[in-house]
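# Commentary on secondary and tertiary structure
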Amino acid sequence: MIRVVMPAHLRTLARISGEVTLEVSGAVTQRSVLDALEERYPVLRGTIRDHATKQRRPFIRFFACEEDRSLDPPDEPLPAAVVSGKEPFLVVGAIAGG
Amino acid sequence: MSGVRLLVGTHKGAFVLKSDGKRERWEVSGPHFAGWEIYHLKASPVDPNRIYASQSNGWFGQVVQRSDDGGTTWEPVDNKFTYAGVPGTHTWYDGTPHPWDFKRVWHFEPSLDDPDTVYAGVEDAALFRTSDGGRSWEELSGLREHNTGPRWQPGAGGLCLHTIILDPSDAKRMFIAISAAGAFRTNDGGTSWKPINKGLNSEYLPDPTAEIGHCVHHVAMHPSRPGVLFMQKHWDVMRSDDAGESWHEVSGNLPSDFGFVVDIHAHEPETIYVVPIKSDSEHVPPDGKLRVFRSRSGGNEWEPLTKGLPQENCYVNVLRDAMAIDSLEKCGIYFGTTGGQVYASADDGDSWKAIVHDLPAVFSVEVQTLP
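Structure report, in brief. The structure presented is a predicted model; accordingly, all values stated were derived computationally and were not measured.

Of the regular secondary structure elements, chain A holds three helices and five strands. Reading chain A from its N terminus to its C terminus gives the helix and strand order β-α-β-α-β-β-α-β. For 98 residues, the compact-globule formula gives about 13 Å, and the C-alpha radius of gyration of chain A, at 13 Å, lands near that figure. The buried share among the 98 residues of chain A stands at 24%. Sequence separation of at least 24 residues holds for 55% of the intrachain contacts in chain A that already meet a minimum separation of 6.

With that settled, consider the interface of chain B and chain A. Contact with chain B, which involves eleven residues of that partner, is made by twelve residues of chain A. Grouping the amino acids of the side of chain B that touches chain A by side-chain chemistry returns four nonpolar, six polar and one charged.

With that settled, the discussion passes to the sheet that holds strand 24 (residues 292-295) of chain B. Within a sheet, each strand pairs with its neighbour through backbone hydrogen bonds, oriented either parallel or antiparallel. Residue and element names in this part refer to chain B. Ordered by their spatial adjacency, four strands build an open sheet running 22-23-24-25, and the pairing between neighbours is antiparallel. The open sheet has two edge strands with one neighbour each: strand 22 (258-264) and strand 25 (303-305). For this sheet, the mean angle separating the axes of adjacent strands, direction not counted, is 30°. Of the strand pairs in this sheet, strand 24 and strand 25 are connected by three bridges, and their pairing is antiparallel. The partner of Phe 293 across the bridge, within strand 25, is Pro 304.

Looking at where Lys54(A) falls in the secondary structure, it is placed in the loop between helix 2 (30-40) and strand 3 (60-64). A tally of 14 C-beta atoms within 10 Å means that Lys54(A) is categorised as partly exposed.

So, how was this worked out
Residues numbered from 1 in each chain as written. Chains lettered and ligands numbered in written order. Predicted model: local features only at pLDDT ≥ 70, side-chain atom pairs only at ≥ 80, totals over all residues. Helix = DSSP H or I, 4+ residues; strand = E, 2+ residues; numbered from the N terminus. Rg over C-alpha atoms; globule rule 2.2 N^0.38 Å. Buried ≥ 20, exposed ≤ 12 C-beta atoms within 10 Å, placed from the backbone. Contact = placed C-beta atoms within 7 Å. Nonpolar A, V, L, I, M, F, W, Y, C, P; charged D, E, K, R; others polar. Pairing = 2+ DSSP bridges. Axes fitted to C-alpha atoms, helices over the stretch in contact; angles between N-to-C directions.

What follows is the structure, encoded as structure tokens:
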């Protein structure tokens, strides 16, 4: 079971509270996790990744096991701790300081 | 008793304001979609409970919301706006080619006879349409593919298609306006388009009377006279009596002819309203006085309407989609400011009252006159 944590605005949009748990078949990668997330919550399509290119939106970052995975290839396997459900996959809205 | 419903889009959410026909007491609901930019909301003229809202922000992009109960509850619908074909490029601020890139919906214009059909004006400038209540969107690509398209350049707010006017006398004719490409008209339902900018004079252009490139801020049409258009341009208030074939200036005695909104009285098609703004570099009212100007002669002769509006130390802006007029007798006029006030007049503009004071910056105001 994959755990996904999303920003508040996306949780509101998808009408969920807390983290999401997903079954992901096959390799657990950014792409497969996000595919499963969008399959469960179609309203999230286009809000994390571009509809057509599936590229990460510019102000979205992905974290796992306290590491920024935003620039990793989308088909690269996520860490074992994410695969096992010990650690969540984080979708984060970039924050500007000031 | 009849009533009115205001649909207010702001920097941080949408608000729905309701009143009876007296328009003295208002019930405010919201924020809907708190924290998101709501560029525009508009209801179907044939199903008043059907409302479409453009919800967006820089992080999560575009969402489209639809209400079937007058704005009480909302459901997200399709948010996929894909340009037809291979979009190519328009011209960037610095004159270089720049790929077309969808950013947001600026304006929804529901069909005059079908609640499931809605036109959407977007940035980068293009016109989309849904005919299934927002479940899917398709570009009317003849506009963006006009042979001038590669030369369209963004205004300060982006390359936005912000005005869509449907002709009630001819279902195939509509008008749109783009900052800063200008105004266009189709006579064939959106297949082909003609720039309608003859008579516009924009001193900031290398060719001030060019076919395209004019920063049109807003256009208004009275449904009883679909050939007469009023325009608030970057500078200049303009009028066309031939469906945009030619324009002439009607700024007259305005203290400034810069501004964003222009609108028309519901029952007097020669009575028009603007809110002058000091200049393109200072988006505030002249002299710190918030004044609506009314012309009862279709332009040129203008009178300031000040009763109830702040006449000192007022430095707000009124954006292009932030004025609306109901169809009661006397008709109500409404406008929102970047300071978060929504002002209402229940007497054709003679007097005003702030019906809310402290909303987020107001992007848009629409009004429904309810039975």
